[in-house]
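The primary structure of each chain is shown beneath.
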Amino acid sequence: MDKPMTDERLDELEMIRMWNFNHPQRMELIAEIRRLREELERSEKERDRFCDKLHIKMDEHREIERKLAEARELFEEVVDYVDEKCWYDHHGYCQAHGLQPKGECFVELIVAWLKNPAVQAAKEQGDE
Ligand SMILES: [Zn+2]
């Protein structure tokens, strides 16, 4: 395994020894290593603060998802309860739900809201 102790190898070892003990940049290198260690420490602290914030955000996000899933369930019950699709007279008023103008009928708005991709995603998560 060891390299044979040739003159070249001895020169090489001498260079390593010189570098280790007498290299003119040795102090600069040590200072650089110290600086990098401090930078790493700062970076780790920053990462920890970021992780804490991320966890708070994730908790908030889960809370919003929970409320969204709750709202979705309630609105689905409303649509089931009403049990009639919107239909509009020639003036554009919903005959099924109290003559509300087209685009403003609460059933139409709820049905559209339930088709929202974010609401659908909350539905899929709630079903898991
Ligand atoms: Zn309607």
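Residues numbered from 1 in each chain as written. Predicted model: local features only at pLDDT ≥ 70, side-chain atom pairs only at ≥ 80, totals over all residues.

Q: Explain the overall build of the protein here, please?
A: Counting its regular elements, the protein contains 4 helices and 2 strands. Going from N to C terminus, the protein has its helices and strands arranged as α-α-β-β-α-α. For the protein, buried positions account for 3% of its 128 residues. The long-range fraction of contacts in the protein, counting pairs at least 24 apart against all pairs at least 6 apart in sequence, stands at 39%. (Helix = DSSP H or I, 4+ residues; strand = E, 2+ residues; numbered from the N terminus. Buried ≥ 20, exposed ≤ 12 C-beta atoms within 10 Å, placed from the backbone. Contact = placed C-beta atoms within 7 Å.)

Q: How should the confidence of the model for the protein be read in this particular structure?
A: In low-pLDDT segments, the atomic positions of the prediction should not be examined closely. Per-residue pLDDT for the protein averages 86, and the proportion of residues at 70 or more is 88%. Per-element confidence in the protein is highest for strand β1 (residues 93–94), whose mean pLDDT is 94, and lowest for helix α4 (residues 117–127), whose mean pLDDT is 72. (pLDDT = per-residue confidence, 0-100.)

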